[in-house]
Amino acid sequence: MDAVLQGFALIADPGNVALIFVGVLIGVVVGALPGLSSPMAVALLLPFTITLEPVPAIAMMASLYCAGTFGGSICAILINAPGAPPAVATAFDGYPMALRGEAGRALGIAAVSSISGGILSLFIFVLATPLLSKIATSFRPMEYFALAIFALSMLASISGMSPIRNLIAGAAGVLLGTVGIHLTTGVERFTFGYPALTGGIGFVPVLIGLFAVAELLNQSQAVDKAYERITATVVKLPTREDFRRIWGTILRSSGIGTFIGVLPAEGATVAAIMGYNEAKRWSKRKEEFGTGCPEGIAGPEAANNAATGGAMVPTLALGIPGSATTAVILAALIMHGFRPGPHLMKETPEFVYAIFAAMLLANFMFLGIGLAGAKIFSRITLIPRTFLWPGVFVFSLIGSYSYGASVYDVWVTLVAGVIGFVMLRHGFAPAPLVMGLILGKLVEESFSQSMIILDNHWWRMFESPVVDLFFLLAVLGLCWPFISSRFAGR
Amino acid sequence: MINRTDLVVGVILLAVCGWLYYVTASFDEVSPLFAQDMPPERFPRMLLWIIAGLSILLPFEQWLRKEKGKILDTKRKTPVRPIVYVTIGFLILAVLAIQLIGTFLVLIVVCIGLPLLWGERRWKIMVPFVVLFPAAVMVLFAHVLGVYFDPGVIGFKFP
């Protein structure tokens, strides 16, 4: 209990509250702008937070994550273009409702569903994180290795696009993590005689390149694209009738979203699509879906925001990112000298509760900001891309430079951006590569330690039931996209 | 059954894997006792085998995934527009220029050059953007956060 109070006290500092507010504001703006995403914004925020204390730094990022997920719904409803991928399903019913002249009602349902999903998942977060951490403290290197493999296998289903591409990108990320000096032997690997590479490739420049510069190059092909915007009137809170219709959907979607969020590598987008599908499946008015049905907005919005709280559970308790954005937050934790995983809860529980408090506060803040400022935020889409994206590049350049005060990091960002653009074009998502890069060290270290403990008899790993379970789940995770495609084809 | 573009991508990935595998052979040798039976090249090689194996499967993925596989070709159906190459070239020049003209001037050049390249001609918006935005960013990072920026060969520093 002391730790909980300490955590809340850390966040109660006026300076921290102000930073959380800034994080929420940036999150809603970024979420509302098509093309900009939460992982990109958190990656760009990373260099800025280097100078901050760890608590406000991570709290600000976590707040941005919550608000960014909600912000995406504004554009999904008003211009039929999801500001962020998790809002893709919100547009299915949000935009038709707005076309009917009920944009304010749609935004109100989205805001209330988002905050409900977010808060419910945060309570799961605060209950599950200590429990999961306790279980994970008994893990030996082989169990950790199996867990990391399970997390990487989940990349196969991170998006419906391509499991093979996701796995290649994940493995390439892990391989990228091997660049530099091998910790056990001190041998230089893939440095090509270049001294800057001996310390390895920094997370921050790669993250900025993959998320921001790659998207900039992508957007350079669509600078003349214009959106048709519906003018929002006043945002209306859901009526009693609306509440009666959506409360069941909110509860169900919050559960789905939290569960999907807790799964390593699965994020808010998957949760939102599942939330929408389940809302439709359980609805008595299936025929209304796609025409502006309130459940069609509540389902994905509750689910995608619930996934944010859920995704923090494996990130903090196990050191395994629950989504692309939490992968960046994990990198920030490492940068601030923390050891994400069970030790974080054991050694600094107040820090975990401070993040919980920050996210809780962020949920209330974005409700207020969303209700009061949706009309203003909808105008953000009017910012010409010809200024928006050069602005993003300026932040990318300065952000990557600030990381190590060297031009080398700017080059890494640029190269990562070009590679990211080519990857996106050929269906390789950047998120798996980032996850691989962040998990790389854990995978190699746990594998090496396991081999040393087991005297190189790798098959003895399977003597542990936990290892068996994780490997079984990994196999299922790998095969599922192909099995589901076969069933869908029949 | 085989997607030709994916076949090319797969072959390129295999070639990169082959080259990196060759590079692993050039890692310094350490005694097995010192390496504790985990030589530095073992783990990267395992990963390269995995990537190579998946690259072989890549051309068959669309066929394996039936209907869902068709989405994979949507983004690359249209050729890359020349503006992408021009933008990449401009960004490379901008980064090269950091060590010559310094970070602040590069930011100004980016704020003028990129919108112009992308067809922006609304000077009434451009002038305040070029004047205010780089200055605001530099104030935040150089003065508030205390980051030192390279003034370049010509030595122009942000005031």
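Thresholds, definitions, all that
- Residues numbered from 1 in each chain as written.
- Chains lettered and ligands numbered in written order.
- Predicted model: local features only at pLDDT ≥ 70, side-chain atom pairs only at ≥ 80, totals over all residues.
- Helix = DSSP H or I, 4+ residues; strand = E, 2+ residues; numbered from the N terminus.
- Rg over C-alpha atoms; globule rule 2.2 N^0.38 Å.
- Buried ≥ 20, exposed ≤ 12 C-beta atoms within 10 Å, placed from the backbone.
- Contact = placed C-beta atoms within 7 Å.
- Nonpolar A, V, L, I, M, F, W, Y, C, P; charged D, E, K, R; others polar.
- Expected span 1.5 Å × (residues − 1).
- Domains from an automatic or database assignment.
- Core = buried A, V, L, I, M, F, W, Y, C linked by C-beta atoms within 7 Å.
- Axes fitted to C-alpha atoms, helices over the stretch in contact; angles between N-to-C directions.
- Parallel < 35°, antiparallel > 145°, perpendicular 65-115°, else oblique.
- Left-handed = near helix turned anticlockwise from the far one by under 90°.

Caption draft 1: View of the overall build of chain A. Along chain A, the regular secondary structure elements total 19 helices and two strands. The C-alpha radius of gyration computed for chain A amounts to 22 Å, which stays within 12% of the reference 23 Å derived for 490 residues, consistent with globular compactness. Taking the principal axes of its C-alpha atoms as reference, chain A extends roughly 70 × 55 × 50 Å. Split into buried and exposed, the 490 residues of chain A put 63% on the buried side. Sequence-distant contacts, at least 24 apart, represent 79% of the contacts inside chain A between residues at least 6 apart.

Caption draft 2: Up close: the interface of chain A and chain B. Counting residues at the interface gives 52 residues for chain A, matched by 61 residues for chain B. Of all elements in the fold, only α8 (163–176), α16 (385–404), α17 (407–425), α18 (430–453) and α19 (465–489) of chain A reach the threshold of two or more residues within the side of chain A that touches chain B. The element contributing the most residues to the side of chain A that touches chain B is α16(A), with nine residues. Tallied by class, residues from the side of chain A that touches chain B come to 31 nonpolar, 18 polar and three charged.

Caption draft 3: Spotlight on helix α6 (residues 82–101) of chain B. Along its 20 residues, α6(B) runs 28 Å from first to last C-alpha, staying within 8% of the 28 Å computed at 1.5 Å per residue. Among the residues of α6(B), Thr87(B), Leu91(B), Ala94(B), Ile98(B) and Ile101(B) are the ones counted as buried. Buried residues along α6(B) sit against α9 (203–219) and α17 of chain A together with α7 (103–117) of chain B.

Caption draft 4: Fine view of the domain arrangement of chain B. The domain boundaries assigned to chain B delineate domain 1 (4–73) and domain 2 (82–144). Between domain 1 of chain B and domain 2 of chain B, the C-alpha centre-to-centre distance is 38 Å.

Caption draft 5: Molecular detail of the nonpolar core. Grouped together as the largest cluster of nonpolar side chains are 211 residues, with contacts concentrated most on Ala59(A), Met61(A), Ala148(A), Leu207(A), Ile355(A) and Ala358(A). Once residues within four sequence positions are removed from consideration, Ala59(A) is found in contact with Ile11(A), Asn16(A), Leu19(A), Ile20(A), Ala354(A), Ile355(A) and Ala358(A).

Caption draft 6: The arrangement of the packing of helix α4 (residues 54–79) of chain A against helix α12 (residues 294–317) of chain A in detail. All names here are of chain A. At their nearest, the axes of α4 and α12 sit 9 Å apart, and the two run at 165° to each other. One way to sum up the angle between α4 and α12 is to call them roughly antiparallel. The handedness of the crossing between α4 and α12 comes out as right-handed. Here α4 contributes Tyr65, Cys66, Thr69, Phe70 and Ser73 to the contact with α12, which in turn contributes Glu301, Asn304, Asn305 and Thr308. A class-by-class count of the residues in the contact of α4 with α12 yields three nonpolar, five polar and one charged.

Caption draft 7: Structural context of the packing of helix α3 (residues 38–49) of chain A against α9(A). Residues and elements named next belong to chain A. One way to put it is that α3 packs onto α9 with a least axis distance of 9 Å and a crossing angle of 135°. It follows that α3 is oblique to α9 by the angle criterion. Classified by chirality, the crossing of α9 by α3 is left-handed. Residues Pro39, Met40, Ala43, Leu44, Leu46 and Pro47 of α3 pack against Val204, Leu207, Ile208, Phe211, Ala212 and Glu215 of α9.

Caption draft 8: Representation of unusual backbone geometry within the structure. Residue and element names in this part refer to chain A. The backbone of Phe190 sits at a positive phi, close to 50°, despite the residue not being glycine. Tracing the backbone through its elements, the reader meets Phe190 in the loop between β2 (188–189) and α9. Unlike most non-glycine residues, Asp455 shows phi in positive territory, near 55°. Note that Asp455 resides in the loop between α18 and α19. Residue classification places Asp455 among the exposed residues on the basis of 9 C-beta atoms within 10 Å.

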